[in-house]
Amino acid sequence: MNQPDSLHPFGRRDLPGGAALLNNPLLNKLTAFSEHERDNLRLRGLLPPRVFTMQEQERRSLIQFHRKDSALERYIFLTTLQNRNETLFYRLLLDHIEEMMPIIYTPTVGEACLEYGSIFRQPRGLWIGIRDKGRVAEVLRNWPNHDARIIVVTDGERILGLGDLGALGMGIPIGKLALYTACAGIHPYYCLPICLDVGTDNEKLLNDPLYIGLQQKRARGAAYDEFIEEFMRAMGEVFPKALIQFEDFGNSNAFRLLHRYQDRACCFNDDIQGTAAVALAGLMSAARLTKRPLREERLLFFGAGEAGTGIGEYFVSALKAEGVAEADARRRCWFVDSRGLLVRERGDQLPEHKAAFAQDGKFVKTFAEAVEQIKPTAIIGVAGVGKTFTTDILEKMAAYNERPIIFALSNPTSKAECTAEEAYASTKGRAVFASGSPFAPVKYDGTTYVPGQGNNVYIFPGVGLGALACQASAVTDSMFLAAARTLAAQVTDDDLAQGRIYPQLSSIRAISLQIAVSVAEEAYHNGLAHRQRPDDLAADIQSQVFNPVYQDYL
Ligand code: NAD
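Caption draft 1: View of the layout of surface pockets. Empty space within the largest pocket amounts to approximately 760 Å³. Taken together, 35 residues line the largest pocket, and the ones lying closest to its centre are Arg 158, Leu 160, Ala 307, Val 382 and Gly 384. Ranked by residue count, the leading element in the lining of the largest pocket is helix α14 (residues 270–290), at four residues.

Structure representation (structure tokens):
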């Protein structure tokens with residue numbers, strides 16, 4: 001059972017008995033403990049007498065889940081189950097991934113974060129406050145699982161499209177890590193969610209007497225940087241094998257931290273790199289529908305932040321790999337931010353991530369004007385502002401292109417630039433549509449279209465699994481580009497026939513495994529892997545994954 005150097009953490013000798021076993025969600029089987037285990041692990045009497053199978057427990061849990069009549073209630077039900085019995089939680093999640101993913105992640109996780117204080121029942125993860133400065137390593141050592149390998153960390157400043165939620169942002173690392181386990185099979189023992197509480201600038205939270213975080217203004221400048229530096233050093237000391245995923249940081253910090261730490265630690269930023277890879281994969285498979293090669297796309301982004309410029313950079317890398325000159329590739333990416341079209345003529349001081357995409361062209365203020373001027377082949381919404389792809393804009397896209405690409409990626413659903421229905425109806429069913437939050441299939445003019453969800457979950461769990469399995473010392477852009485190509489290759493002709501440019505989520509484990517293999521290949525190729533290369537990489541990675549089935553303890 002215990003395989004050193006692999007991703008299975010437990011040995012039989014670690015097993016507690018009695019109530020301690022029932023209180024350990026990683027080991028608890030609830031009513032599925034056998035008669036023999038009940039007798040020998042001091043459980044007799046602590047459980048109702050009848051022994052159930054996991055399938056029966058799952059059936060009961062599903063009934064309970066469906067009895068909850070709001071998405072938030074369902075979220076609370078699932079997190080309670082996760083805190084009681086992780087094996088059953090992951091079994092349920094994996095078997096009903098399409099139905100439950102929108103509950104444990106977007107869009108419901110957004111609502112859960114907003115309500116995190118009022119639905120708070122049991123702590124999960126580590127909150128490290130800026131007042132813990134000077135003893136961050138000590139706080140990390142309080143985490144009971146001493147070999148954390150995958151850490152998702154946020155400072156709560158830009159939670160989904162909801163803004164600064166401070167300490168309430170913890171729901172995001174928890175949700176993302178649940179997806180690592182469900183979708184890629186990383187054992188929950190290795191997963192550690194962290195919320196760095198550096199204060200908040202959200203007045204509502206600052207004035208809420210029941211707010212669970214530090215009621216002080218967000219630390220900025222040197223105080224913030226020193227705290228992050230201490231955190232990163234402490235991570236290296238306490239969890240030297242860990243991969244760190246930065247999540248939902250405000251955009252000035254997100255870019256800075258990524259640039260500062262990506263060569264010093266095994267880390268990546270999912271909002272920049274994960275989003276970029278999933279959107280690039282979408283553009284690659286869209287090309288099979290539009291019959292336009294990638295190099296002929298003219299992208300117009302609404303929003304020039306982490307997601308938008310990240311996608312732009314990976315698009316440029318993909319074109320460069322096809323032999324297109326970098327300057328020509330950049331000329332195919334246009335951006336509108338809150339001030340208007342990103343052109344040099346604007347003359348403003350631009351941060352590095354935007355400056356790389358400033359174009360020579362005429363300044364216009366609105367997105368609608370930019371659409372008219374640029375005549376893009378694809379519009380990509382990543383500003384976090386809902387309802388901005390109006391009927392007029394969508395009709396223009398249909399007039400300019402036989403198959404316009406419409407990506408409404410802003411989350412949660414209320415922030416989507418347009419709905420799937422609006423995209424198909426305004427383009428007479430010709431749009432190649434994908435969204436950040438899920439939309440139900442749309443019937444238009446006798447045809448049913450299944451909108452793809454450009455969900456980062458297609459990418460980051462596989463990338464994490466690949467990096468952990470080969471013990472990579474870094475996570476590089478080339479690994480994400482490999483992941484994007486692998487994801488695009490998993491889209492079948494059947495998927496495309498329904499308008500779907502991402503594969504079905506029900507195959508997510510197989511998809512993540514393929515991505516993990518391509519990422520590990522890339523790591524071996526670049527000398528970044530620190531585990532001896534096995535003969536059969538796919539079989540080796542597969543052997544390391546966690547499957548939610550009960551072990552016999554005796
Ligand atoms: P960000 O804060 O880094 O960037 C937002 C950008 O939008 C900035 O450039 C800002 O100037 C621009 N903007 C804001 N208001 C605007 C307005 N009224 N008009 C024009 N531009 C405006 O945020 P981000 O990380 O890039 O995320 C943006 C959105 O993308 C969020 O809603 C997020 O949920 C979504 N997102 C989706 C996915 C996905 O679908 N896979 C992944 C990541 C992010």
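Caption draft 2: Expanded view of the environment of Ala 358. As for its position among the elements, Ala 358 is in the loop between α17 (352–355) and α18 (367–374). Here Ala 358 falls in the buried class, since its relative accessible area comes to 8%. Distance from Ala 358 to Leu 341, taken between C-alpha atoms, is 8.8 Å for residues 17 residues apart in sequence. Aside from chain neighbours lying at most four places away, what touches Ala 358 is Leu 342, Arg 344 and Leu 350.

Caption draft 3: Inspection of the pairing of strand β6 (residues 299–302) at higher detail. By the alternation rule, side chains of β6 split into Leu 299 and Phe 301 and Leu 300 and Phe 302, which are all buried. Across four bridges, the pairing between β6 and strand β7 (residues 333–337) is parallel. If you follow Phe 301 over to β7, its bridge partner there is Phe 335. In terms of strand pairing, β6 meets strand β9 (residues 378–381) through four bridges, oriented parallel. Paired with Leu 300 across the bridge in β9 is Ile 379.

Caption draft 4: Broad picture of the side chain of Gln 453. Take Gln 453: it is sitting in strand β14 (residues 452–453). A relative accessible area of 12% places Gln 453 in the buried class. A distance of 2.9 Å separates a polar atom in the side chain of Gln 453 from the backbone oxygen of Gly 436. Leave out the neighbours within four places in its chain, and Gln 453 touches Thr 106, Ser 435, Gly 436, Ser 437, Pro 438, Tyr 458 and Tyr 502.

Caption draft 5: Highlighting the pattern of salt bridges. A full pass over the atoms with the stated rule returns 39 salt bridges. Between Asp 271 and Arg 158 there is a salt bridge, and its shortest N-O distance comes to 3.7 Å. Placement of Asp 271 in helix α14 and of Arg 158 in the loop between β2 (150–154) and α10 (171–184) is noted, with a sequence separation of 113 residues between them. We classify Asp 271 as buried; its relative accessible area is 7%. Here Asp 493 and Arg 288 are joined by a salt bridge, their closest N and O atoms 3.1 Å apart. Of the two residues, Asp 493 is situated in helix α23 (residues 493–497) and Arg 288 in helix α14; the sequence distance between them amounts to 205 residues.

Caption draft 6: View of the sheet that holds strand β4 (residues 243–246). Strand order in the open sheet formed by five strands is β1-β3-β2-β4-β5, with parallel pairing between adjacent strands. Of all strands in the sheet, those bounded by a partner on one side alone are β1 (126–129) and β5 (267–269). Recorded for the sheet is a direction-independent mean angle of 25° between the axes of neighbouring strands. Where helix α12 (residues 221–238) meets the sheet, it contacts β1, β2, β3 (191–197) and β4, and its direction lies at approximately 160° from that of β3.

Caption draft 7: View of the packing of α10 against helix α24 (residues 508–525). Where α10 meets α24, the closest approach of the two axes is 7 Å, and the angle between their N-to-C directions is 95°. Viewed along their axes, α10 and α24 adopt a mutual orientation that is roughly perpendicular. Each of Thr 181, Ala 182, Cys 183 and Ala 184 in α10 lies in contact with α24, whose residues at this interface are Ile 508, Arg 509 and Ser 512. Considering only residue class, the contact of α10 with α24 consists of four nonpolar, two polar and one charged.

Caption draft 8: Main features of empty space enclosed by the protein. Summed over the entire model, instances satisfying the criterion amount to two cavities of 30 Å³ or more. Considering the residues around the largest cavity, the lining is formed by Tyr 75, Leu 78, Thr 79, Gln 82, Phe 89, Ile 104, Gly 171, Ile 174, Gly 175 and Ala 178. Contributions of two or more residues to the lining of the largest cavity are made by α4 (71–84) and α10. Each residue belonging to the lining of the largest cavity can be placed in one class, and the counts come to six nonpolar, four polar and no charged.

Caption draft 9: Structural context of helix α21 (residues 460–469). Buried residues dominate α21, accounting for ten of its ten residues. Within α21 the residues assigned to the buried category are Phe 460, Pro 461, Gly 462, Val 463, Gly 464, Leu 465, Gly 466, Ala 467, Leu 468 and Ala 469. Of the residues one or two after α21, Gln 471 is the one with positive phi, at around 55°.

Caption draft 10: Structural detail: the site of the ligand. Looking at the ligand, there are 23 residues lining it, with Arg 158, Ala 304, Ala 307, Gly 454 and Asn 456 nearest. Here a nitrogen atom of the ligand sits 3.2 Å away from a polar atom, N or O, in the main chain of Ser 338. Contact with the protein chains hides 84% of the accessible area of the ligand, taken as 850 Å² for the molecule alone. If you map the ligand onto the pockets, it falls in the largest pocket.

Caption draft 11: Just the pairing of β4, in detail. Side chains Leu 243 and Gln 245 project from β4 onto one buried face, and the interleaved Ile 244 and Phe 246 project onto a second face that is buried too. Across four bridges, the pairing between β2 and β4 is parallel. Directly across from Val 153, in β4, lies its bridge partner Phe 246. Pairing between β4 and β5: three bridges, direction parallel. The residue of β5 that forms the bridge with Phe 246 is Asn 269. This β-α-β element, β4 to helix α13 (residues 251–261) to β5, shows right-handed connectivity.

Caption draft 12: Looking closely at unusual backbone geometry. A cis amide bond links Thr 106 with the next residue in sequence, Pro 107, at an omega value of 5°. Mapped onto the elements of the fold, Pro 107 is located in the loop between α6 (97–104) and α7 (108–114). Cis geometry is found at the peptide bond from Asn 411 to Pro 412, where omega equals -10°. With respect to the element layout, Pro 412 can be found in the loop between β10 (405–408) and α20 (420–426). The phi dihedral of Leu 30 is positive, around 50°, even though this residue is not glycine. Its place among the elements puts Leu 30 in the loop between α1 (18–22) and α2 (35–40).

Conventions used here
Residues numbered from 1 in each chain as written. Predicted model: local features only at pLDDT ≥ 70, side-chain atom pairs only at ≥ 80, totals over all residues. Heavy atoms only, no water. 1 Å grid on protein atoms, 1.4 Å probe; cavity = no way out; pocket = protein on both sides within 12 Å on 5 of 7 lines; lining within 4 Å. Points joined across faces, edges and corners; volume = space filled by probe spheres on them. Helix = DSSP H or I, 4+ residues; strand = E, 2+ residues; numbered from the N terminus. Buried < 20%, exposed > 50% of the residue type's maximum accessible area, 1.4 Å probe, protein only. Contact = heavy atoms within 4.5 Å. Pairing = 2+ DSSP bridges. Polar contact = N/O pair within 3.5 Å; in protein donor to acceptor, adjacent residues only side chain to side chain. Salt bridge = Lys/Arg side-chain N within 4 Å of Asp/Glu carboxyl O. Axes fitted to C-alpha atoms, helices over the stretch in contact; angles between N-to-C directions. Parallel < 35°, antiparallel > 145°, perpendicular 65-115°, else oblique. Nonpolar A, V, L, I, M, F, W, Y, C, P; charged D, E, K, R; others polar. Near = heavy atom within 4 Å. Areas by Shrake-Rupley, 256 points an atom, 1.4 Å probe, with all protein chains shown as cover. Sits in = over half its atoms within 2 Å of the grid points. Right-handed = clockwise from strand over helix to strand, strands pointing away.

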